[in-house]
Every structure is written in C-alpha cells, then in structure tokens.
Amino acid sequence: PPQVPNHLCPLPQGGLATMLRQKHVPLGAMKFDPLYIISQIVTLQCLYYCSLGLCLFIADMMLGFGFGMDQLFAAKALGFSSPAGVTNVVCHLMQAMVGAVWLYLIVERSKKCLDYAITLYILHLLLCIVFRGFPQTI
C-alpha cells in the first residue's frame, strides 16, 4: 500500500495503539458550556413529551379512550379509579424507563443524570401549572 506522509495524518505520541486506548470523554465533560447544557435540557424535554405522547396515543387507540392534552398535563388524568387513569399511570411509568435511556444517551455523565431528571420534572410541573393551574390533589 502507498505510504501516507506524516504531516497529512498526524498521530498522537505513541502511535495508533495509544490513540485507541484513550478513554472516551463525553462531550461537555471538559469545560462549562451553558448553551450545551440548555440544548441537552430542551432535547430531553422534547423527547419526554414525544415518547409519552406516543405511548399515550398508542394505548388510547388500542383501548378506545380519547386522546388529549389533559393526559399529559392534568393531574386528574392520573389515577386508579378508572381504566383510562390506570392506562395513563402505566404510560407514565413506561415513559420513566424510556426516559432513563434518553438520559443515558444524551447526558452521557452519570454525575449529571439526577440533575437533569430533576430539572425535567420541575419543568414538567411548571408546564402543568401553566396548562391547568397548580394540582389540588395528589
């Protein structure tokens, strides 16, 4: 095979073997980047609502319940007193598992996952308050 000059393809000191042994450093681990953090939070929030909405939509279509924004933002939609409420609770629990995968893929750092999860649910609470007012029941 033809030889590639070193100045066109520089390798770190120690060659290719050293480069392959280096650990993967997650993006954003080296410095504080507020724009990157905000973009991660927005991405997680969007994925949260998309996956929860898709789960609720599929469950509602399969079981014949009506789909609406109340299922995402109203506290009374959650409960064990009706089949629709149980379906909503199950979809929210399934979303929590899917959300863990989203956290793993987007945040990439286990130290920050709890912070991002808490931020996600605080923003969800604020959106619920904007949409329907502060929840009066648990």
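Predicted, not measured: the structure shown is a model, and the values here were computed from it.

## Some remarks on the packing of helix α2 (residues 34-63) against helix α5 (residues 110-132)
Relative to each other, α2 and α5 sit at 60°, their axes nearing to 10 Å. Considering their axes alone, α2 and α5 lie oblique with respect to each other. For the crossing formed where α2 meets α5, the hand is right-handed. From α2, I37, Q40, I41, L44, Q45, Y48 and Y49 reach across to α5, where they touch Y116, T119, L120, Y121, L123, H124 and L127. Class assignment for the residues of the contact of α2 with α5 results in 10 nonpolar, 4 polar and no charged.

## Thoughts on the packing of α2 against helix α4 (residues 83-107)
How two helices sit against one another is set out by the angle between their axes and by the gap between those axes. Two elements in contact, α2 and α4, have axes separated by 9 Å at closest approach and are oriented at 150°. Both α2 and α4 take part in a crossing whose hand is right-handed. Its residues assigned to classes, the contact of α2 with α4 shows 16 nonpolar, 7 polar and 1 charged.

## What about the side chain of Q45?
Topologically, Q45 is positioned in helix α2. For Q45, a relative accessible area of 10% puts it in the buried group. Once residues lying within four places of it in the same chain are set aside, the contact partners of Q45 are L120, L123, H124 and L127.

## Quick word on the packing of aromatic side chains
As enumerated under the stated definition, the model contains 5 aromatic pairs in all. For the pair F57 and F67, a centre-to-centre distance of 5.6 Å together with 85° between the ring planes defines the contact as edge-to-face. Of the two residues, F57 sits in helix α2 while F67 sits in the loop between α2 and α3 (70-73), which places them 10 residues apart along the sequence. F57 gets classed as partly exposed once you look at its relative accessible area, which sits at 39%. Judged by relative accessible area, F67 falls into the partly exposed class, the value being 38%.

## A closer look at the nonpolar core
Among soluble globular proteins, nonpolar side chains are generally buried collectively. Counting 17 residues, the largest nonpolar core has L44, L52, C91, L103 and V107 as its most contacted members. A total of 7 residues in this core trace back to one element, the largest contributor, which is α2.

## What about a nonpolar patch on the surface?
On the surface, L54, F57, I58, M61, M62, L63 and F67 cluster together into a nonpolar patch covering about 730 Å² of accessible area. Looking at the element boundaries, L63 is found in helix α2.

About the criteria used
- Residues numbered from 1 in each chain as written.
- Predicted model: local features only at pLDDT ≥ 70, side-chain atom pairs only at ≥ 80, totals over all residues.
- Heavy atoms only, no water.
- Axes fitted to C-alpha atoms, helices over the stretch in contact; angles between N-to-C directions.
- Helix = DSSP H or I, 4+ residues; strand = E, 2+ residues; numbered from the N terminus.
- Parallel < 35°, antiparallel > 145°, perpendicular 65-115°, else oblique.
- Left-handed = near helix turned anticlockwise from the far one by under 90°.
- Contact = heavy atoms within 4.5 Å.
- Nonpolar A, V, L, I, M, F, W, Y, C, P; charged D, E, K, R; others polar.
- Buried < 20%, exposed > 50% of the residue type's maximum accessible area, 1.4 Å probe, protein only.
- Phe/Tyr/Trp six-rings, centres within 6.5 Å; stacked < 30°, edge-to-face > 60°.
- Core = buried A, V, L, I, M, F, W, Y, C linked by side-chain atoms within 4.5 Å.
- Patch = residues over 30% accessible without salt bridge, like charges linked within 9 Å, V, L, I, M, F, W, Y side chains within 5 Å.
- Areas by Shrake-Rupley, 256 points an atom, 1.4 Å probe, with all protein chains shown as cover.
- Salt bridge = Lys/Arg side-chain N within 4 Å of Asp/Glu carboxyl O.

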